[in-house]
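# Descriptive analysis of the structure
These are the residues of each chain, in order.
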Amino acid sequence: MQKLLSPEEIATQAGSEGSTNRLPAPHLFAERAARLRTLADGHAMGDFLRFAARLADAQQSRLDKLTAPRPDSAHLERCRQHGMPPLDAQGAELPADWQDSLKALAADVAAHAPAGLQNAIAGLADIPAERLDALARAILRCEETLSNPLELALAPLIGAALQVQWTARAQALQVGDIPSGFEDSLCPACGSHPVASIVRIGDAGHGVRYAACSLCACEWHVTRIKCVPCHNTRDIAYQGLENEQGNPHPAVKAETCPECHSSLKIVSMEKDPFADAFADDLATLALDMLVDETGFHRAGRNLFLFTP
Ligand SMILES: [Zn+2]
Ligand SMILES: [Zn+2]
């Protein structure tokens, strides 16, 4: 009989055979913007998706100007040994320049933003720096401390700025720096929730599934037909969108788990090679409503849609 491996043994094996994690691509946000524009064509939420594309373009311009340091080797070693995220988003200090990123994004998108966000951007200079830090921490920790309408309107922009900062930090890592092989429900690089999962093709392994981080855009391997939040493998089911013409978005399905009643999307590059976990998630909010009506709550977190 074959012996079952402990998570530590799996991690060690994964380390020697190549990592089960993927770092964010250099032009991630530009590619996402292109995908959002494709998805916006003929879409009921086309204006929203086109604005999201502008914001993703602004994120790429800001990312291109940032250089983040790689954490020191003692810290990386400690994290690898204990399976802890080296770029912890919950407890660690905020990057010193994150508010510069916020202001750069605000300046880039202000003219094209929806009215609520435009008003919030106009009031941005009046919000004290300490309050902006508190809002950023609340978003990173999924806390419900944002209450007034102006702060709620700013939340996607703050989320976008934090994504740029953490993506720059993730890009400064080497793939072996991230704890590997744990198949956790949270990102092994930064500890944040996934936005969705993606079935990849090509060099990432044909048909291999990864969970995509909502913050740093790293991806970690997760088994197919297994609930990412609770690891249950029994009675996993799938739901897709449907209209008179059939399925309007065949690359996206919702994986539902009867154990924890959550649902995480699976975006398939086998069905559409240009699919992007974040963009295709935004374009299929109708699927979240459908799944919600059948009693499953959304497990994915998308920082452009502020929900604590
Ligand atoms: Zn992450
Ligand atoms: Zn579950």
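What this report covers is the structure whose coordinates are included nearby. Small disclaimer: the values here were computed from a predicted structure and weren't measured.

### Examining the overall build of the protein
Looking only at helices and strands, the protein features 10 helices and 8 strands. For 308 residues, the compact-globule estimate of 2.2 N^0.38 gives 19 Å, and the C-alpha radius of gyration of the protein, at 19 Å, lies within 12% of that figure. Judged by the C-alpha coordinates and their principal axes, the protein covers about 65 × 55 × 35 Å. In the protein, the proportion of contacts linking residues at least 24 apart, taken out of those at least 6 apart, comes to 66%. When the accessible surface of the protein is totalled, it reaches about 14600 Å², and 53% of it is carbon and sulfur.

### Here's the deal with the coordination of the zinc ion (ligand 2)
Within the protein, Cys227 (SG), Cys230 (SG), Cys257 (SG) and Cys260 (SG) serve as the donor atoms for the zinc ion (ligand 2), at 2.3 Å. One can describe the site at the zinc ion (ligand 2) as tetrahedral: its 4 donor atoms subtend angles covering 106 to 114° at the metal. Along the chain, the residues donating to the zinc ion (ligand 2) are arranged with the sequence spacing C-x2-C-x26-C-x2-C. Residue Cys257 is classed as buried on the basis of its relative accessible area, which comes to 1%.

### Points about the packing of helix α2 (residues 28–40) against helix α3 (residues 46–65)
Taken N-terminus to C-terminus, the directions of α2 and α3 make an angle of 170°; their axes are 8 Å apart at the nearest point. Considered as vectors, α2 and α3 are oriented roughly antiparallel to each other. Seen along the crossing, α2 lies across α3 with a hand that is left-handed. Packed against α2, whose contacting residues are Leu28, Phe29, Ala30, Ala33, Leu36, Arg37, Leu39 and Ala40, the element α3 presents Gly46, Leu49, Arg50, Ala52, Ala53, Arg54, Ala56, Asp57, Gln59, Gln60 and Leu63 at the interface. Of the residues in the contact of α2 with α3, the class split is 12 nonpolar, 3 polar and 4 charged.

### Regarding the coordination of the zinc ion (ligand 1)
Listed as protein donors to the zinc ion (ligand 1) are Cys187 (SG), Cys190 (SG), Cys213 (SG) and Cys216 (SG); their distances from the metal cover 2.3 to 2.4 Å. If you look at the zinc ion (ligand 1), its 4 donor atoms make angles of 98 to 117° with each other, and the shape they trace is tetrahedral. If you list the donors of the zinc ion (ligand 1) from N- to C-terminus, the spacing comes out as C-x2-C-x22-C-x2-C. Remark: Cys213 occurs in strand β3 (residues 208–213) and Cys190 occurs in the loop between α8 (149–171) and β2 (194–200); sequence separation between them is 23 residues. Each member of the pair, Cys190 as well as Cys213, is classed as buried.

### Remarks on the nonpolar core
Grouped together as the largest cluster of nonpolar side chains are 79 residues, with contacts concentrated most on Leu157 and Leu162. Sorting elements by how many residues they give to this core places α8 first, with 9 residues. Among the domains, domain 1 (27–176) and domain 2 (182–298) are the pair contributing at least three residues each to this core. If near-sequence neighbours (up to four positions away) are discounted, Leu157 is found in contact with Leu55, Leu102, Leu105, Ala106, Val109, Leu117 and Ile121. By size, the runner-up hydrophobic cluster in this structure holds 7 residues, among which are Phe29, Val164, Ala168 and Ala217.

### Some remarks on the side chain of Ser197
With respect to the helices, strands and loops of the structure, Ser197 is situated in strand β2. For Ser197, a relative accessible area of 0% translates into the label buried. Among the polar contacts listed, one links the side chain of Ser197 to the side chain of Arg209, at a separation of 3.2 Å. Dropping the residues within four chain positions of it, Ser197 is found in contact with Arg209, Tyr210, Ala211, Ala212, Leu264, Lys265, Ile266 and Val267.

Definitions and cut-offs
Residues numbered from 1 in each chain as written. Chains lettered and ligands numbered in written order. Predicted model: local features only at pLDDT ≥ 70, side-chain atom pairs only at ≥ 80, totals over all residues. Heavy atoms only, no water. Helix = DSSP H or I, 4+ residues; strand = E, 2+ residues; numbered from the N terminus. Rg over C-alpha atoms; globule rule 2.2 N^0.38 Å. Contact = heavy atoms within 4.5 Å. Areas by Shrake-Rupley, 256 points an atom, 1.4 Å probe, with all protein chains shown as cover. Donors = N, O, S within 2.8 Å, 3.2 Å for Na, K, Ca; no water. Tetrahedral: all angles 85-135°; square planar, octahedral: opposite > 155°, others 65-115°. Buried < 20%, exposed > 50% of the residue type's maximum accessible area, 1.4 Å probe, protein only. Axes fitted to C-alpha atoms, helices over the stretch in contact; angles between N-to-C directions. Parallel < 35°, antiparallel > 145°, perpendicular 65-115°, else oblique. Left-handed = near helix turned anticlockwise from the far one by under 90°. Nonpolar A, V, L, I, M, F, W, Y, C, P; charged D, E, K, R; others polar. Core = buried A, V, L, I, M, F, W, Y, C linked by side-chain atoms within 4.5 Å. Domains from an automatic or database assignment. Polar contact = N/O pair within 3.5 Å; in protein donor to acceptor, adjacent residues only side chain to side chain.

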